[in-house]
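Given next are the chains, with one letter for each unit.
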Amino acid sequence: MWTIPNQITLFRIILIPVFIIIFYLPVSWNHFGAFAVFWFAAISDALDGYLARKLNQSSAFGAFIDPVADKLMVIAALVILIQDLQVWWISVSAILMISREIFISALREFMSSRGKRDDIAVSQLGKYKTAAQMLGIMGLIWYPTYDIPLILFEFPHEILIFAAYSFYAIATVLTFWSMIVYFKAAWPELTK
């Protein structure tokens, strides 16, 4: 149970209160600090999956706790964004994303009880949704009000904010679309 990938996953859960505390610190770098913690959690998510395969350390506990850690971090970030930005469409999108996660979790549990979990396995569409969601959330958490200094040139903050909103909007569309795809795949079993 205490494999390296599982330890990384549990560390990601521990990062959630760290992320929240840093976001609300009364310092000028709180948004960037929270962005960095969220980014680190996203990278560690990719790392634990890679190590589980590479070290042949996949486990039932890991298969259970990894998506839980992901969903907890994303939901914490979405709730913070709702409170921080107070924009109606950000809130509606966040509620849709959270609702989708609950819906799909319940659907997977139901399909597992019928021995049909593979019928709604994670799809490529779900991976695209997750990538857009992570990029959108990270950009909106940081939400810089200054140009980003890079080695060769200044990166206008307006471009980053536009990209963050765009990825967030794409994630919202993919969230709804993937929910429909999973629901359609499970429909024959639901109507028995």
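Scroll up for the structure.
What comes next is a walk through the structure. (Residues numbered from 1 in each chain as written. Predicted model: local features only at pLDDT ≥ 70, side-chain atom pairs only at ≥ 80, totals over all residues. Heavy atoms only, no water.)

Right, let's talk about the pattern of salt bridges for a bit. Under the definition given, this model contains 9 salt bridges. In this structure, Asp66 and Arg12 form a salt bridge, with 2.7 Å as the shortest nitrogen-oxygen distance. Taken as a pair, Asp66 in helix α3 (residues 60-85) and Arg12 in helix α1 (residues 4-23) lie far apart in primary sequence, 54 residues in all. Here the two residues Asp66 and Arg12 agree in accessibility, since each one is buried. For Arg114, the salt bridge identified is with Glu189, shortest N-O distance 3.7 Å. Taken together, the residues span a long stretch of sequence, with Arg114 in the loop between α4 (88-113) and α5 (124-142) and Glu189 in helix α6 (residues 157-190) at a distance of 75 residues. For Arg114, a relative accessible area of 41% puts it in the partly exposed group. (Salt bridge = Lys/Arg side-chain N within 4 Å of Asp/Glu carboxyl O. Helix = DSSP H or I, 4+ residues; strand = E, 2+ residues; numbered from the N terminus. Buried < 20%, exposed > 50% of the residue type's maximum accessible area, 1.4 Å probe, protein only.)

The next point concerns the packing of aromatic side chains. What describes a pair of aromatic rings is the distance from one ring centre to the other and the angle between the planes of the rings. Counted under the stated rule, the structure contains 12 aromatic pairs. For the ring pair Phe19 and Phe38, a centre distance of 5.9 Å and an interplane angle of 50° mean the geometry is tilted. Of this pair, Phe19 sits in helix α1 while Phe38 sits in helix α2 (residues 30-54); the two residues are 19 residues apart in sequence, bridging distant segments of the chain. Each member of the pair, Phe19 as well as Phe38, carries the same accessibility label: buried. A network of ring pairs unites the aromatic residues Trp89, Tyr143, Tyr165 and Tyr168 as a single cluster. (Phe/Tyr/Trp six-rings, centres within 6.5 Å; stacked < 30°, edge-to-face > 60°.)

Within the secondary structure, Tyr168 is located in helix α6. Each C-alpha atom of the pair Tyr168 and Ala132 lies 6.5 Å from the other, and the pair is 36 residues apart in sequence. In this structure Tyr168 touches Leu78, Leu81, Trp89, Ile90, Ser93, Ala94, Met97, Ala132, Gly136 and Leu140, once residues within four positions along its chain are discounted. (Contact = heavy atoms within 4.5 Å.)

Now for the nonpolar core. Core analysis: the largest hydrophobic core is formed by 34 residues, its most contacted members being Phe19, Phe38, Leu78, Leu81, Ile137, Ile141 and Tyr168. Breaking this core down by element, the ones donating at least two residues are α1, α2, α3, α4, α5 and α6. Considering each element in turn, this core owes the most residues, 8 residues, to α3. Setting aside its immediate chain neighbours within four residues, Phe19 contacts Ala34, Val37, Phe38, Met73, Ala76, Ala77, Ile80 and Ile141. (Core = buried A, V, L, I, M, F, W, Y, C linked by side-chain atoms within 4.5 Å.)

On the secondary structure map, Ala46 appears in helix α2. Through-space distance from the C-alpha of Ala46 to that of Phe11 is 13 Å; in sequence the pair is 35 residues apart.

Okay, the layout of surface pockets next. Put simply, the largest pocket is a space of about 1,300 Å³. Elements with a minimum of two residues in the lining of the largest pocket: α1, α2, α3, α4 and α5. No other element matches the 10 residues that α2 contributes to the lining of the largest pocket. Broken down by class, the residue content of the lining of the largest pocket amounts to 19 nonpolar, 11 polar and 15 charged. (1 Å grid on protein atoms, 1.4 Å probe; cavity = no way out; pocket = protein on both sides within 12 Å on 5 of 7 lines; lining within 4 Å. Points joined across faces, edges and corners; volume = space filled by probe spheres on them. Nonpolar A, V, L, I, M, F, W, Y, C, P; charged D, E, K, R; others polar.)

Our next topic: a nonpolar patch on the surface. Taken together, Phe11, Ile14, Trp39, Phe40 and Ile43 make up a surface patch of nonpolar side chains, about 510 Å² in accessible area. Of all the secondary structure elements, the ones that give two or more residues to the nonpolar patch are α1 and α2. (Patch = residues over 30% accessible without salt bridge, like charges linked within 9 Å, V, L, I, M, F, W, Y side chains within 5 Å. Areas by Shrake-Rupley, 256 points an atom, 1.4 Å probe, with all protein chains shown as cover.)

Before going further, it helps to examine unusual backbone geometry. Although it is not a glycine, Gln86 adopts a positive phi angle of roughly 50°. Here Gln86 shows up in the loop between α3 and α4.

Once that is clear, we can look at the side chain of Asp66. Looking at Asp66, the relative accessible area reads 18%, which means it is buried. Setting aside residues up to four positions removed in sequence, Asp66 forms contacts with Thr9, Arg12, Asp45 and Asp48.

In short, geometric facts, not functional conclusions.
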